[in-house]
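# Observations on chain architecture
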Amino acid sequence: MNFDIRKNFLVASIALIAFAPAASAQSVLDDYTPVTAELLANPPKSDWLFWRGSYTNQGFSHLDQINKETVKNLELVWAWPMADVGIQETVPLVHDGVMFLQTSNAIVEALDAKTGDLLWTYRHVLPELPASWSYQANQARRQKASIALAGDKVVLTTPDAKLVVLEAKTGKVAWEKQVLDWQKGYSYTVGPLIADNKIISAISGCSIAGTAGACYIMAHDLETGEEIWRFNTIDDPDNPKQGESWGEVPPENRWGGTPWATGSYDPELGLTFWGVGMPGPYAELIRGSGKGSVLYTNSTIALDVKTGKLKWYYQHLPRDNWDLDSPFERVLVDQEVDGKVHKLLISVPGKNGIAFALDRETGKYLWSKETVKQNVVSKIDPDGTVHINEDLVPTAVGQPVFACTSVSGGKLWQAGAYSPLTKTFYVPLTEACNEVTPTQSEFTAGNAVGSVKFGPRVLPEGIKEAGLFEALSINPTQGDHKWQHRQRPTPTSSMLATAGGLVFGGDAGRYIKAFDQETGEVLWQQRLNAPIGGSPVTYEVDGEQYLVVPTGFSNSASSISSAFPEVPLPNGNGNSIFVFKLNQDAE
Amino acid sequence: MVRWLAAAVLGLAVITSARAQSYGVPSELLKNTRRIEGDTLHVCSDATGKIRAFDHAVANAIAEMLFLRAEFHEGFGGYPTSGDGFLDELQIAMTNTCDIMMGMTVQENSPFPEWAALSRPYVSLPYVLAVKDEAYMSLADIPVTRKLGTALSSMGERVFITWNQQQPEGKRYTRLPYADMDLMTKRVTDGSIAGMIVWQPVLAALRKSNPEAAALRIIPMAPVPETMTRVGVLMKARDTFLRSQIDQAIDALVADGSIAAIMAQFSYEGVPGDARNAQ
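Residues numbered from 1 in each chain as written. Chains lettered and ligands numbered in written order. Predicted model: local features only at pLDDT ≥ 70, side-chain atom pairs only at ≥ 80, totals over all residues.

Another aspect to go through is the overall build of chain A. Helix and strand content of chain A: 6 helices and 40 strands. Against the globule reference of 25 Å for 587 residues, chain A gives a C-alpha radius of gyration of 24 Å, in line with a compact fold. Along the three orthogonal principal directions, the C-alpha set of chain A runs to about 85 × 55 × 50 Å. The long-range fraction of contacts in chain A, counting pairs at least 24 apart against all pairs at least 6 apart in sequence, stands at 62%. (Helix = DSSP H or I, 4+ residues; strand = E, 2+ residues; numbered from the N terminus. Rg over C-alpha atoms; globule rule 2.2 N^0.38 Å. Contact = placed C-beta atoms within 7 Å.)

Rendered as structure tokens:
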């Protein structure tokens, strides 16, 4: 009997050993090559190496096999459930046929991008958060943006404020570094940018009481993790105007200024561009800053990549009183007009949905263009000075004001895509307003939370459709409406533009759609299992172009779901990716 | 038509409960089970609550009165001033772990959603103005050229801001919000600010832990209206029997002097039960 058991174990062991090398021998990881600085500067069109595809944050792919004519032949090739539940904002990265997929709670999976086979999984061991840090647990379930690829490594930012560097071939930890003290409230929710052999990252949690006075963008050495520089978005001793803009509020009484989206990088200028979020507390009545503009909140900042010194800043929304922060993607666009190359930075940086163009060498304001209904900015001067609607600044506790857009946007983390083919910026937007009331609606007795109350999100008067896919034609002197696709369900994913003349985006109604870049006509759509989330991404393996679409639980879907009650929202179990390619046999 | 009406009603229900403090809880995070221990009262509290030890003492007294065994859980806590995430975590804790959540504010325009219900207050505790300068005997003695500190986003801050805004512009104080009470104490001590408006239980705790706070005096805040935070127990609205039992226990503990005795242990000033005449 014992012999039989031993024999069976032996057979099973041999089978396992035989299987492992066989699987390993066929692994796409064997052919994985380092993501060099040269590749990062000029990503091959078959890969998707960055959050938004390249240093420019354009969200554009040069692949064109899937195009206006062929898109109708897209077919599902594989799907994969994500490793965890939670709000889904992921961006799959692809290199050499390997897909790296980050999900909530800092889990990374490597998948064969052609077959959907799992190659390895990394699960970050988070500290057992004490009950006093529920906010971090909450944040960990809404991981934003992305990871980064560099050399033979995968770089991850974690909810417990660590940089973790993984071996791309195995998922093993190469090194990790505790960057800031999570016990003060710091937490990473956006992915890093690899530039100039540095890991550039931006911290979150800057509205937590313990992080008063300091919110950072930082650079660490890519090889060693050593900190090279840090820039504080709410306390800049090198710029007296910054301090003055907070009135009599010293740094130790300031909060906010979180950069909520991964920055862009211009290697030629040596500058990295980041957006900064709202001030805290939200209402100036409570934060004590009077009529001060509270720099660098709601600004674009350009930092020298080598030193972290500020080259310039531009504030998109001074005196924010409504949590209408402006931290979203900064997109770099070069356009040649009459023989002169214009280096633009374009963005719909804030929740109020106003599009801006800046000269990215100098920060000079070029133009702005309104998109969705907003009432918080009354005027923007030709020199770029932004005037707020002072009627909407609460002057008493308990005084509600009706602000458009709502705290949920307008624009939110879902990134727009720029197509150099059409010189057009495609942006996912939401029409919504809400009441904003500075109040201390105390939850726990004596504890400092809930200083502003937001009413239900409602449609602006006269508007019946919450969803808007906006196409803005861009040039150095103006931006204008090229087309608008309005619909009841709100957009819930980032956009992807391709050389095939298509722009992809998804919505709360669970549809991934392919629009004609020129006309906005929907050329293809597919309904999936949950609201489309994160960023659709495209890549190529063995000469075939693939489209990967993340889906899952979405706060953007639920924030104004009352505007499309005919579209039921599923539960939160649906976090998945769906991968499509063309049916070569079609026609 | 009926379907659209139903959909509209459903939509209204959804938006009515929507608040910035909640992104919505995925249903798989919520346990769909019933607890079956009939003699145990699962007691939670905000781990960062200012009167947590006091709350536990009150919870023990409530449990004893109901012939139950109080079992304490770590609860949750630690939120940004916006309250981001609070209601999500509260819903998870109350669904999965807790029968009652101690130390919650009972106030008009309660921010809690419809699934939650509050008991009557078991204690009402005031905000106070603490100063170091011996020349100051009341708020009126503090020149408006001096700054004051307030506990960030507190009820005391709200009342002070409202009063301050009602003064002519030249007679308003400059006020700075503080989240770190030791730092605010230090700023009173080093003269950066003339005084600080804090919850009295917080000052009582500071006086035990921070020598600088021991030197501070409480002076009258008039004409700023008195601010009391009324503290109660949060339960699930569907636990109607438990709610009535808790309310009756609180009434009894106030009436027999038990709450007052616990307040004395912690050096709390205020009113057992509901300070009906307070602001």
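Once the structure has been displayed, the description carries forward.
Turning to the overall build of chain B, a few remarks are in order. Within chain B, the regular secondary structure consists of 9 helices and 11 strands. Counting over 279 residues, chain B shows a buried share of 47%. Considering only contacts within chain B whose residues lie at least 6 apart along the sequence, 84% involve residues at least 24 apart. (Buried ≥ 20, exposed ≤ 12 C-beta atoms within 10 Å, placed from the backbone.)

All names here are of chain B. For helix α2 (residues 52-65), with 14 residues, the first-to-last C-alpha span of 20 Å sits near the 20 Å given by 1.5 Å per residue. Of all the positions in α2, only F54, D55, V58, A59, A61, I62 and A63 are classed as buried. Residues of α2 that are buried in the fold lie against β1 (40-45), β2 (69-72), β3 (100-106), α8 (240-255) and α9 (258-265). (Expected span 1.5 Å × (residues − 1).)

The next point concerns the pairing of strand β10 (residues 173-178) of chain A. Residues and elements named next belong to chain A. The pairing of strand β9 (residues 162-167) with β10 spans 5 bridges and is antiparallel. Bridge pairing links K162 to Q178 in β10. Between the end of β9 and the start of β10, which pair antiparallel, lie 5 residues, with G171 showing a positive phi angle near 80 degrees. (Pairing = 2+ DSSP bridges.)

It is worth spelling out the sheet that holds strand β13 (residues 216-221) of chain A at this point. Residues and elements named next belong to chain A. The strand order across the open sheet built from 4 strands is β11-β12-β13-β14, with neighbouring strands paired in antiparallel fashion. Two strands bound the open sheet, and with one partner strand each, they are β11 (193-195) and β14 (227-232). On average, adjacent strands in this sheet sit at an angle of 20 degrees to one another, irrespective of strand direction. Where β11 meets strand β12 (residues 198-202), 3 bridges bridge the pair, whose relative direction is antiparallel. The residue of β12 that forms the bridge with I194 is I199. (Axes fitted to C-alpha atoms, helices over the stretch in contact; angles between N-to-C directions.)

Glancing now at the confidence of the model for chain B. Residues and elements named next belong to chain B. For chain B, the mean per-residue pLDDT works out to 85, and 86% of the residues sit at or above 70. In this model, residues 1-22 is a region of pLDDT below 50 whose contacts with residues beyond four sequence positions or in other chains number 31 contacts. Prediction confidence for the complex, expressed as pTM and ipTM, is 0.86 and 0.76 respectively. (pLDDT = per-residue confidence, 0-100.)

Before going further, it helps to spend a moment on the environment of A:G384. Residues and elements named next belong to chain A. In this fold, G384 is placed in the loop between β25 (377-380) and β26 (386-388). With 305 residues separating them in the primary sequence, G384 and A79 have C-alpha atoms 47 Å apart. G384 has contacts with Y314 and Y365, leaving out every residue within four places of it along the chain.

Moving on, we come to the sheet that holds β10(A). The pairing of strands in a sheet comes from backbone hydrogen bonds and takes either a parallel or an antiparallel form. Residues and elements named next belong to chain A. Spatial strand order, β7-β8-β9-β10: 4 strands in an open sheet with antiparallel pairing. Looking at strand neighbours, the two that pair on one side only are β7 (148-150) and β10, the edges of this open sheet. The sheet shows a mean angle of 20 degrees between the axes of neighbouring strands, taken without regard to direction.

Turning our attention to the nonpolar core. By size, the foremost hydrophobic cluster in this structure holds 245 residues, and its most contacted members are A:V155, B:I100 and B:V198. Counting residues domain by domain, this core receives three or more from each of domain 1 (34-122 + 231-272) and domain 2 (125-219) of chain B. Not counting the four nearest positions on each side in its chain, A:V155 is found in contact with A:I147, A:A148, A:A150, A:L163, A:V165, A:P192, A:I194 and A:I199. (Core = buried A, V, L, I, M, F, W, Y, C linked by C-beta atoms within 7 Å. Domains from an automatic or database assignment.)

So, about the pairing of strand β10 (residues 228-236) of chain B. Residue and element names in this part refer to chain B. Judged by how many residues are buried, β10 sits mostly within the fold: 8 of 9 residues are covered. As defined by bridge partners, β3 adjoins β10 across 4 bridges and the pair is classed as antiparallel. Bridging from a neighbouring strand, V106 pairs with R230 of β10. Bridge count for strand β4 (residues 116-118) against β10 is 3 bridges, and the pairing is antiparallel. Along β10, the bridge assignment pairs A116 with K236. The sheet contact formed by strand β5 (residues 123-131) and β10 spans 4 bridges and is antiparallel. Across the sheet, the residue bridging to V123 is V231, located in β10.

Once that is clear, we can look at the packing of α2(B) against α8(B). Residues and elements named next belong to chain B. Close contact between α2 and α8 brings their axes to 9 Å; oriented N to C, the two are set at 110 degrees. The angle between α2 and α8 places the two elements in the roughly perpendicular class. On the side of α2, the interface is formed by A61, I62 and M65, while α8 contributes I246, A249, I250, A252 and L253. Class assignment of the residues belonging to the contact of α2 with α8 gives a composition of 8 nonpolar, no polar and no charged. (Parallel < 35°, antiparallel > 145°, perpendicular 65-115°, else oblique. Nonpolar A, V, L, I, M, F, W, Y, C, P; charged D, E, K, R; others polar.)

All right, on to the domain arrangement of chain B then. Residue and element names in this part refer to chain B. By the assigned domains, chain B splits into domain 1 (34-122 + 231-272) and domain 2 (125-219). Relative to domain 2, the C-alpha centre of domain 1 lies at a distance of 29 Å. Across the contact, 9 residues belong to domain 1 and 9 residues belong to domain 2. By residue class, the composition of the side of domain 1 that touches domain 2 is 4 nonpolar, 3 polar and 2 charged.

Residue and element names in this part refer to chain A. Of note, the bond from G280 into P281 is cis; its omega dihedral lies within 30 degrees of zero at -15 degrees. Among the structural elements, P281 can be located in the loop between β18 (279-280) and α5 (284-287). The step from C404 to T405 runs through a cis peptide bond, and the omega angle for that step is 5 degrees. Tracing the backbone through its elements, the reader meets T405 in the loop between β27 (401-404) and β28 (417-419). Despite not being glycine, A106 shows a phi value in the positive range, around 55 degrees. The residue A106 is located in the loop between β4 (98-103) and β5 (107-112) in this model.

Quick look at the environment of A:F515 now. All names here are of chain A. Turning to its location among the elements, F515 is positioned in strand β36 (residues 511-516). Residue classification places F515 among the buried positions, given that 24 C-beta atoms sit within 10 Å. With 254 residues separating them in the primary sequence, F515 and A261 have C-alpha atoms 25 Å apart.

What follows deals with α8(B). All names here are of chain B. Its 16 residues place the ends of α8 23 Å apart at the C-alpha level, agreeing with the 22 Å of an ideal helix rising 1.5 Å per residue. Among the residues of α8, those classed as buried are I246, A249, I250 and L253. Along the long axis of α8, the arc covered by the buried residues comes to 100 degrees, so they all point the same way. Exposed residues pointing more than 90 degrees away from the buried face of α8 are listed as T240, F241, S244 and A255. On its buried side, α8 packs onto α2, β3, β10 and α9. Looking one or two residues beyond α8, the residue adopting positive phi is G257, at roughly 85 degrees. (Arc of directions from axis to C-beta.)

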